[in-house]
Amino acid sequence: MDSLAKDVANILIKYPLCNRCLGRLYANLGRGLDNAERGKALKIYIVMELHKRVLEGDSSALDKLKLVIPNIKMPLQPLLNTLRINAEDKTVNEMKRCFVCNDIIDELIDSYSKRIAQLIVEKPRRSFLIGVVVPSDVLEREISIVEEYQIMHWESIKRELKREIGKRVQQMTKVNVDFSKPDVIYIVDLIHNSIRIESPSLLIFGYYLKLGRNISQNAWIRKDGSRKYPLSVEDAVRSASFTVGANDVALHIAGREDADVRVLGNGRPLVIEFKNPLKRDVSLSELENALNSFSRWIEFRITMSVGREFVSRLKQSASASFKIYRAVFLTEKSIDPGKVTELEEYFKGLVVRQRTPLRVLGRKKDSIRKRRVFLVKILQLAPNLFEALIKCEGGLYVKELINGDSGRTSPSLSEFLGVKTTCLKLDVLYVHEYI
Ligand SMILES: [Zn+2]
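Thresholds, definitions, all that
- Residues numbered from 1 in each chain as written.
- Predicted model: local features only at pLDDT ≥ 70, side-chain atom pairs only at ≥ 80, totals over all residues.
- Heavy atoms only, no water.
- Helix = DSSP H or I, 4+ residues; strand = E, 2+ residues; numbered from the N terminus.
- Rg over C-alpha atoms; globule rule 2.2 N^0.38 Å.
- Buried < 20%, exposed > 50% of the residue type's maximum accessible area, 1.4 Å probe, protein only.
- Contact = heavy atoms within 4.5 Å.
- Areas by Shrake-Rupley, 256 points an atom, 1.4 Å probe, with all protein chains shown as cover.
- Lys, Arg positive; Asp, Glu negative; His and termini not counted.
- Charge placed at Lys NZ, Arg CZ, Asp CG, Glu CD.
- Domains from an automatic or database assignment.
- Buried area = accessible area lost by both parts, 1.4 Å probe.
- Salt bridge = Lys/Arg side-chain N within 4 Å of Asp/Glu carboxyl O.
- Polar contact = N/O pair within 3.5 Å; in protein donor to acceptor, adjacent residues only side chain to side chain.
- Arc of directions from axis to C-beta.

Participant: Mind laying out the overall build of the chain, listing which residues take part and the relevant values?
Facilitator: The helix and strand tally for the chain stands at 15 helices and 16 strands. Taken over the C-alpha trace, the chain has a radius of gyration of 30 Å; the compact-globule value for 435 residues is 22 Å, which it surpasses by more than 25%. Its C-alpha atoms put the chain at 95 × 55 × 40 Å along the principal axes. For the chain, the proportion of its 435 residues judged to be buried stands at 46%. In the chain, the share of contacts with a sequence separation of at least 24, taken over all contacts with a separation of at least 6, comes to 73%. Entry remark: accessible area of the chain is about 22100 Å², with carbon and sulfur atoms responsible for 52%. Seen as two clouds, the 71 positive and the 54 negative side-chain charges of the chain have centres 2 Å apart.

See the structure below:
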């Protein structure tokens, strides 16, 4: 058997699966098919393959077939008769329930689709979106098979439920699914057997500036409840959420700067998500005013309201963008001005290797990234004090480019100059976007 058939046979020898839950494991193979069709086809193929082997005299194939039959729920009595497998044989006669969904997925799709269609009849909507909350034990069982057989082309039960319920409701009501700006979201909660009606998030695109230091992006609350930084961009957003009556917020930001780094110039792009808002018709200028009234150290420039797909575009844009920084740094010894000119030349267009900085190792795994420095321009303010403008690729750790991080970033300014170098102050001056 080829590798796909072998895997499927091994799965079905061990796990009882309904057509849908089996087909879903290979959802990205053979586009345009329904997972139930896909699963059924795989089962039929495996039975045919094993039957062929039995006929060829392979005795292990018969044993496998006996194990597979209770796991696939198919009308195979004629085959059993042909193979003289005793129908009284308990092992083949017991039809087991689906290991992942316990044989209820089709019923769930059917009943929830009808309930939601009824809700739309009662209160007509222009468009909708389906969300699903699936019990964790179901997700865990699905993942355990995916991991055991290292399946690459699977789709989660959550995604299938969302899509299938959406499709059915659309057919029944002629109201369309809208992924970007739905009129309403129906959350199918399989844990509580309920449908929650949510107002879709309000997504606002704009820029934030940090005019002071010690401001984090998200409110950084320690385990003991104390704050690491007095102020955060998130605080300002939360304070403005009353203008739209949102019950929660989220920040979608391309990239991140340290809390002690100011963000000046055009600011850093972000999408603010106001969740479950009561009001949707608030003007952008009203929102901007609310955001800006929070603190004089954080400033927002609001551009437009956007759809959900914009968030992923913004996040993808981070690695393709370039940034300009201003850094003030100190060297342990005086530097010859000629060496400074050499440094500017050396770093022009240079690719730097950076191991995850020591200061973020606790939060991120140790890996190596390569980022390009486009340009470094240096003003020598004193024999050992400098101001630098650095233009580089998004994702480059600038403090480490300067201090070398004990050799973990190479080349670095410290390495090139051959002295200990400390970054005193850092500002983001410009963030280029390709959104
Ligand atoms: Zn199932």
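From this point on, the discussion continues.
Participant: How would you explain the domain arrangement of the chain if you had to name every residue and give the values?
Facilitator: Its domain assignment divides the chain into domain 1 (3-93), domain 2 (105-198), domain 3 (202-319) and domain 4 (322-431). For domain 3 and domain 4, the distance between their C-alpha centroids amounts to 28 Å. Taken residue by residue, the interface counts 15 residues in domain 3 and 13 residues in domain 4. The junction of domain 3 with domain 4 conceals about 1200 Å² of combined surface from both sides, 44% of it contributed by carbon and sulfur atoms. Counting across the interface, domain 3 meets domain 4 through 5 salt bridges. In this structure, the connection of domain 3 to domain 4 is made through 10 residue pairs in polar contact (both at pLDDT 80 or more). Ranked by the residues each element gives to the side of domain 3 that touches domain 4, the list is headed by strand 9 (residues 262-275), at 8 residues.

Participant: Tell me about the environment of Lys425, residues and numbers included.
Facilitator: Considering the arrangement of structural elements, one finds Lys425 in strand 16 (residues 421-431). Lys425 gets classed as partly exposed once you look at its relative accessible area, which sits at 41%. Between the alpha carbons of Lys425 and Ala41 there is a distance of 64 Å; along the sequence they are 384 residues apart. The contact partners of Lys425, leaving out residues within four places of it in the chain, are Arg213, Arg326, Ala327 and Val328.

Participant: Go over helix 13 (residues 337-347) with me, naming the residues and quoting the values.
Facilitator: Along helix 13, the residues that are buried comprise Val340, Leu343, Glu344 and Phe347. Looking straight down helix 13, one finds that the buried residues subtend no more than 100 degrees of arc, so they occupy a single side. Of the surrounding secondary structure, the elements contacted by the buried residues of helix 13 are strand 13 (368-382), strand 14 (385-393), helix 14 (398-403) and helix 15 (413-417). With its phi angle positive at about 70 degrees, Gly349 sits one or two positions after the end of helix 13.

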